[in-house]
Amino acid sequence: MKGENSFSRRGFVKGTAAAAGGLLLGRSGRAETPKGAPMDIDALKKACKGVVAAQGDANFTELIHGNLWNRLIPSRAPQVLIRVKDEQDVIAAIHFARENKWKVVVRGGGHNWCQPTLRNSGLLIDLSELNKVISIDVGARKAVVQPVISNRDIQKVLNAKGLAYPSGHCPQVKLSGYLLGGGMAWNQGVWGSGTESIEAIELVTAEGKLITASKDEHAEYFWAARGSGSGFFGVVTRYHLKLHPLPRAIHGSTYYYSMDDAAAVGGWLGENAAKISPAVELSL
Ligand SMILES: Cc1cc2nc3c(=O)[nH]c(=O)nc-3n(C[C@H](O)[C@H](O)[C@H](O)COP(=O)(O)OP(=O)(O)OC[C@H]3O[C@@H](n4cnc5c(N)ncnc54)[C@H](O)[C@@H]3O)c2cc1C
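Thresholds, definitions, all that
Residues numbered from 1 in each chain as written. Predicted model: local features only at pLDDT ≥ 70, side-chain atom pairs only at ≥ 80, totals over all residues. Heavy atoms only, no water. Pairing = 2+ DSSP bridges. Helix = DSSP H or I, 4+ residues; strand = E, 2+ residues; numbered from the N terminus. Axes fitted to C-alpha atoms, helices over the stretch in contact; angles between N-to-C directions. Contact = heavy atoms within 4.5 Å. Near = heavy atom within 4 Å. Polar contact = N/O pair within 3.5 Å; in protein donor to acceptor, adjacent residues only side chain to side chain. Areas by Shrake-Rupley, 256 points an atom, 1.4 Å probe, with all protein chains shown as cover. Salt bridge = Lys/Arg side-chain N within 4 Å of Asp/Glu carboxyl O. Buried < 20%, exposed > 50% of the residue type's maximum accessible area, 1.4 Å probe, protein only. Phe/Tyr/Trp six-rings, centres within 6.5 Å; stacked < 30°, edge-to-face > 60°. Lys NZ or Arg CZ within 6 Å of the ring centre and 35° of its normal. Expected span 1.5 Å × (residues − 1).

A. A look at the sheet that holds strand β12 (residues 235-242). Pairing is antiparallel across the open sheet formed by 5 strands, whose spatial order is β7-β8-β12-β10-β11. Unpaired on one side and paired on the other, β7 (133-137) and β11 (210-214) mark the two borders of the sheet. Going from strand to strand, the sheet's axes swing by 15 degrees on average, the running direction of each strand aside. Here strand β10 (residues 198-204) pairs with β11 via 5 bridges, running antiparallel. Note on β11: the bridge partner recorded for Glu202 is Thr212. Contacting β10, β11 and β12, helix α4 (residues 87-100) crosses the sheet at an angle of about 140 degrees to β12.

As structure tokens, then:
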């Protein structure tokens, strides 16, 4: 396989360079290589708390395919995957990619239908272990969460406190890419889309810096993150969310009509959709 061959050659050259240069651990605890020597994969493994796997490693295929939701798995594969444990791992991964001039792709929940998180070559940063609620302030109706938390899990925690968030409709989908894509939400007519209830985003930039973006700081990142979807150029590690009071009920109904009536039903919906309460979500 072309990718494997090019990886082996490259890995050998980088391994030799790193062995000659030696690995230094900086004050931050992050592995650093001497100026001029790119970080190699062993150095990345030492620098990170999370799992790092390269093509040829026994667990590589399982790791790159493991959490792809629709199981339509393309033959594309990165050279290396890192399943990060925290922000410092993300920073180490970005530095590794920069030093080696590798492309980076980020995976959140693995629910995007087309699998944009599997690309040939480069580095895959897998965020699946960033899946926790960091804090909830009930009085201020705010929460800070890691990105790969599911709609089901976020609602479970919030609903118990009388709060809710405009999450997506399917319980197993994660906030990560859902919010970057705009977030078509439950009760959107009242609460707005998921992305409209984001107050700030913590992200690692392409330069490897951890920043917080909101309307008051790094506003350009904040603007871009809310709708860019797969095109976003940072790694989101936390979302700061504005919460809403839990509604007394959310009710769903499904009506079936004969295909022969499709035009009549569509016409009726077209005429009436704008007149109904924003609390009613209609789809045909
Ligand atoms: C069953 C199902 C139901 C759905 N329902 C809804 C719905 O009700 N409303 C709605 O709006 N959408 C819905 N979607 C679409 C869903 O929101 C998108 O597929 C979204 O991309 C899923 O997020 P993910 O983290 O799993 O994405 P992934 O597949 O993990 O990632 C896709 C891309 O998003 C980017 N990305 C993801 N996370 C990050 C991050 N933390 N930092 C930087 N980049 C990142 C990367 O570029 C990545 O390539 C649904 C999808 C499915 C499969």
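Once the structure has been displayed, the description carries forward.
B. Inspection of the site of the ligand at higher detail. What surrounds the ligand is a group of 27 residues, the closest being Gly108, Gly110, His111, His169 and Ser176. Here His111 contributes a backbone N or O atom positioned 2.8 Å from an oxygen atom of the ligand. One of the backbone nitrogen or oxygen atoms of Gly177 is found 2.9 Å away from an oxygen atom of the ligand. Coverage of the ligand by the protein amounts to 85% of the 960 Å² it exposes when considered alone. Looking at the shell around the ligand, the elements that each hand over two or more residues are β5 (104-107), α6 (175-180) and β12. Among the elements that make up the shell around the ligand, the one with the highest residue count is α6 (4 residues).

C. Broad picture of the pattern of salt bridges. One pass over the full model with this rule turns up 7 salt bridges. The partner of Asp86 in a salt bridge is Lys49, and the shortest N-O contact between them spans 2.6 Å. In this pair, Asp86 sits in the loop between β4 (80-83) and α4 while Lys49 sits in the loop between α2 (41-47) and β3 (51-54), placing the two residues 37 residues apart along the sequence. Of the residues examined, Lys49 reaches a relative accessible area of 52% and is grouped as exposed. For Glu199, the salt bridge identified is with Lys142, shortest N-O distance 2.8 Å. Separated by 57 residues along the polypeptide, Glu199 in strand β10 and Lys142 in strand β8 (residues 142-145) bring together distant segments of the chain. When its relative accessible area of 30% is taken as the criterion, Glu199 is described as partly exposed.

D. Looking closely at the packing of aromatic side chains. Within this structure, the stated rule accounts for 4 aromatic pairs. Plain terms: the ring middles of Phe96 and Trp102 are 5.1 Å apart, the flat faces sit at 90 degrees to each other, and that makes the pair edge-to-face. The exposure class assigned to Phe96 is buried, which follows from its relative accessible area of 1%. Counting every residue linked through ring pairs, the aromatic cluster contains Tyr221, Phe232 and Phe233. One Lys or Arg, Arg226, reaches over the ring of Phe222 and ends 3.8 Å from the middle of that ring.

E. Just α4, in detail. In a regular helix each residue adds 1.5 Å, so 14 residues correspond to 20 Å; α4 covers 20 Å between its end C-alpha atoms and thus fits that length. For α4, the tally of buried residues reaches 11 of 14 residues, placing the bulk of the element in the interior. Looking at α4, one finds that the buried residues are Glu87, Asp89, Val90, Ile91, Ala92, Ala93, Ile94, His95, Phe96, Ala97 and Asn100. Between a side-chain oxygen at the N-terminus of α4 and the backbone nitrogen of Gln88 the separation is 3.1 Å; the capping residue is Asp86. Phi for Lys101, located one or two positions after α4, is positive at around 60 degrees.

F. Region of interest: the sheet that holds strand β6 (residues 123-126). Across the sheet, which stays open at both edges, the 4 strands sit in the order β3-β4-β6-β5 with mixed pairing between neighbours. Unpaired on one side and paired on the other, β3 and β5 mark the two borders of the sheet. Sheet twist, expressed as the mean angle between neighbouring strand axes with direction ignored, is 15 degrees. Where β4 lies against β6, 4 bridges are found, and the strand directions are parallel. Residue pairing for β6: Arg83 is matched across the bridge by Asp126.

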